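Structure at a glance
Chain by chain, the residues:
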Amino acid sequence: MKKDVDKQIEKEAVFGTLPVLNKEKIYGFMDAVLILSGYCIATWSYTQGSYLTTLVGFKQLLIGAFLGALLMLAIYQLPVILSVRYGIDIWIWLRAVFGHKGTAVMTVIIIIINYPWYAVCADLFASSMTSLAGLFGIQFPPFCTVLLRLLCVIVGTMIAWKGIGAITHTTRILVPLLLALGVIVIIVGFTSVPFDVIWNYKAQPVGYENNIIPYIISIEANFAFVITLVGGMAEVPRLVKTEKAGFWAGVIGQGVAGSLFVVVGAVMAIAMQYVTGKMVDDPTVMLATLSVPALALSSLLLVAFANIGTQAVGSYIYGVMLKSTFKKADYRVLVIVLAVYVGILCVWGKIVDYFGSFLTIGACVYAPLAAVLFVDFFIVRRQKFSLRSAYAVKGYSAYHYTHGFNIVGLFCIAAGIVLSLAVYNPISGEIYIMPLFYLTPTGVSFLGTGILYFVFSCIPPIKKYMLKDKMEIEKAGVQDET
């Protein structure tokens, strides 16, 4: 049994990264939209919606959630055209941008800043279980909250441990349950309080002298929220039949579906504040308060399985990502490492308290990454790269660069992070350069990194270093074919 699972994981992590031929592609536009919608819908969307209600009114939130997400994704998703064209994950292309070893470093960094999302899931799971126990007169001692968070992580990890078969069955149930929960929350939210309470909602002042600052922070949060969905951007488009479908499926699937559930979370928080005087991002608590106990009890099953299922899918996705980078490592060991990491965050228990900071810290890395991908794809390499060097075929080493690291690409990422932090401190909330802050920290970092990478590409010696694959591409023809 163990050997069979190992073979499946090896196939996903190694052979699954090989180029997909056009005749092997299985997704049309609608299929890709549904898959990416399911990927980005999770109960953490409610936390995002609740967080936004502390910054702006409902109308501003509605505009920012959808337009902010769609604007960022319309730019950020453009490089998936290459993923569709070559039938590869973007992680493979990153070897051209950062070098083979540099890509391994970026993989670890992305996991470090992205995996805390699963601590948010675990926190919501614990909150739901504690609140529902309270409905039956059972009061858990404080330490049980930590144990419940860890339970979510452990059960999710056990599912991921079993491999792709268990994950496939889990996702088939997970997505419909999450959709059902969202529909229920919308109905209960809008029927439990007057419509104008939600529509005319305005956030309480948060202490900024300039009223536009909270709105800019909310736009930054929307940018950061969608830009961290790099997993779907990296894995799904390679299986889509056309470049147009691959691009728009990401923009619509993540930008519309994901934003819808953020708005659902905002509706829930506003309704709860109106009824109880306290904002809540837990759908179970909301349903228990605003509806009949039977519905709240049903939501227990939805929230429990949804968060455990999300944890399982996340463990698997990131486990495979690490396995494809560190081929000699055992998949199960990598899954355990991920569980330990998120478990530490669960014991710490402050990830939700620092939710806004967590979002912006993630965007500090993702914004320059998006900029480098964009400029590299459209301007520097002009939509061409060497597949043979990307896969380190014998005799093809253009992407070895400097001992496996592309110094230019990595330097630009570091510069973009510094630029973002020079404008805004995501921990303290302090703004250092107000004129640049109007562009949002993500916007400044994206533009600054993109310009820097472009300038480097215009310097002949550096351009030659960046385009070590030029001779390989010319030798193979206009484009390197598989």
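Structure report, in brief. What you see is a predicted model; the values in this text were computed from it and never measured.

Attention now goes to the overall build of the chain. Scanning the chain from terminus to terminus reveals 24 helices and 0 strands. The 482 residues of the chain split such that 55% are buried. Long-range contacts, defined as pairs at least 24 residues apart, comprise 84% of the intrachain contacts of the chain with a sequence gap of at least 6. Accessible surface, the chain: about 20,200 Å² in total, of which carbon and sulfur atoms supply 69%.

Think of an α-helix as 3.6 residues a turn; residues three or four steps apart then line up on the same face. The terminal C-alpha atoms of helix H7 (residues 100-114), which comprises 15 residues, lie 21 Å apart, in line with the 21 Å expected from a rise of 1.5 Å per residue. Looking only at H7, the buried set comprises Gly 102, Thr 103, Ala 104, Met 106, Thr 107, Ile 110, Ile 111, Ile 113 and Asn 114.

Tallying each qualifying case throughout the model produces 5 salt bridges. When the shortest N-O distance is used, the salt bridge between Glu 243 and Arg 85 registers 2.9 Å. Linking Glu 243 in helix H14 (residues 243-276) with Arg 85 in helix H5 (residues 80-86), this pair joins segments that are 158 residues apart in sequence. Owing to a relative accessible area of 30%, Glu 243 belongs among the partly exposed residues under this scheme. For Arg 85, a relative accessible area of 25% gives the class partly exposed. Ionic contacts of the salt-bridge type, sharing partners, join the residues Asp 376, Arg 381 and Asp 469 into one network.

Using the criterion set out here, one finds 1 cavity of 30 Å³ or more in the structure. Roughly 50 Å³ of internal volume is contained in the largest cavity. Lining the largest cavity, in full, are Gln 48, Ala 65, Ala 69, Asn 222, Phe 225, Val 226, Gln 254, Gly 258, Ser 259 and Val 262. Mapped by element, the contributors of at least two residues to the lining of the largest cavity are helix H4 (58-76), helix H12 (212-227) and H14. Counting residues per element, the lining of the largest cavity draws most heavily on H14, at 4 residues. Of the residues in the lining of the largest cavity, the class split is 5 nonpolar, 5 polar and no charged.

Formed by 137 residues in total, the largest nonpolar core has its most connected members in Trp 93, Leu 369, Phe 385 and Tyr 453. With 15 residues, helix H18 (residues 355-380) is the largest single contributor of residues to this core. If near-sequence neighbours (up to four positions away) are discounted, Tyr 453 is found in contact with Val 97, Val 372, Val 375, Asp 376, Val 380, Val 408, Gly 409, Cys 412 and Met 466. Counting residues in hydrophobic clusters, the runner-up holds 8 residues, among them Val 33, Val 236, Ala 245 and Ala 249.

Our next topic: the packing of H4 against H12. Running from N to C, H4 and H12 cross one another at 45°; their axes reach a closest spacing of 8 Å. Between H4 and H12, the crossing angle belongs to the class labelled oblique. Of the two elements, H4 crosses H12, and the hand of that crossing is right-handed. Here H4 contributes Gln 60, Ile 63, Gly 64, Ala 65, Gly 68, Ala 69, Leu 71, Met 72, Leu 73 and Tyr 76 to the contact with H12, which in turn contributes Tyr 215, Ile 219, Asn 222, Phe 223, Val 226 and Ile 227. Among the residues making up the contact of H4 with H12, the classes are represented as 12 nonpolar, 4 polar and no charged.

Moving on, we come to a nonpolar patch on the surface. On the surface, Ile 379, Tyr 432, Ile 433, Leu 436, Leu 439, Leu 447, Ile 451, Phe 454, Val 455 and Ile 459 cluster together into a nonpolar patch covering about 830 Å² of accessible area. A total of 4 residues in the nonpolar patch trace back to one element, the largest contributor, which is helix H22 (residues 441-457). Positionally, Val 455 belongs in helix H22.

As a further point, take the environment of His 403. For His 403, the position within the fold is in the loop between helix H19 (387-390) and helix H20 (407-423). In sequence terms His 403 and His 100 are 303 residues apart; their C-alpha atoms lie 9.1 Å from each other.

This part is about unusual backbone geometry. Of note, the phi angle at Arg 382 is positive, near 55°, even though the residue is not glycine. Residue classification places Arg 382 among the exposed positions, given a relative accessible area of 62%. Positive phi, close to 55°, is recorded for His 403, a residue that is not glycine. Residue class for His 403 comes out exposed when judged on its relative accessible area of 62%.

Take helix H17 (residues 331-348) next. Compared with an ideal rise of 1.5 Å per residue, which puts 18 residues at 26 Å, H17 spans 26 Å between its outermost C-alpha atoms and is within 8% of the ideal. Those residues of H17 lying buried are Tyr 331, Arg 332, Leu 334, Val 335, Leu 338, Ala 339, Val 342, Gly 343, Leu 345 and Cys 346. A side-chain oxygen of the first residue of H17 lies 2.8 Å from the backbone nitrogen of Arg 332; this N-cap is Asp 330. Residue Gly 349 follows H17 closely and has a positive phi angle near 75°.

Rules of the game
Residues numbered from 1 in each chain as written. Predicted model: local features only at pLDDT ≥ 70, side-chain atom pairs only at ≥ 80, totals over all residues. Heavy atoms only, no water. Helix = DSSP H or I, 4+ residues; strand = E, 2+ residues; numbered from the N terminus. Buried < 20%, exposed > 50% of the residue type's maximum accessible area, 1.4 Å probe, protein only. Contact = heavy atoms within 4.5 Å. Areas by Shrake-Rupley, 256 points an atom, 1.4 Å probe, with all protein chains shown as cover. Expected span 1.5 Å × (residues − 1). Salt bridge = Lys/Arg side-chain N within 4 Å of Asp/Glu carboxyl O. 1 Å grid on protein atoms, 1.4 Å probe; cavity = no way out; pocket = protein on both sides within 12 Å on 5 of 7 lines; lining within 4 Å. Points joined across faces, edges and corners; volume = space filled by probe spheres on them. Nonpolar A, V, L, I, M, F, W, Y, C, P; charged D, E, K, R; others polar. Core = buried A, V, L, I, M, F, W, Y, C linked by side-chain atoms within 4.5 Å. Axes fitted to C-alpha atoms, helices over the stretch in contact; angles between N-to-C directions. Parallel < 35°, antiparallel > 145°, perpendicular 65-115°, else oblique. Left-handed = near helix turned anticlockwise from the far one by under 90°. Patch = residues over 30% accessible without salt bridge, like charges linked within 9 Å, V, L, I, M, F, W, Y side chains within 5 Å. Polar contact = N/O pair within 3.5 Å; in protein donor to acceptor, adjacent residues only side chain to side chain.

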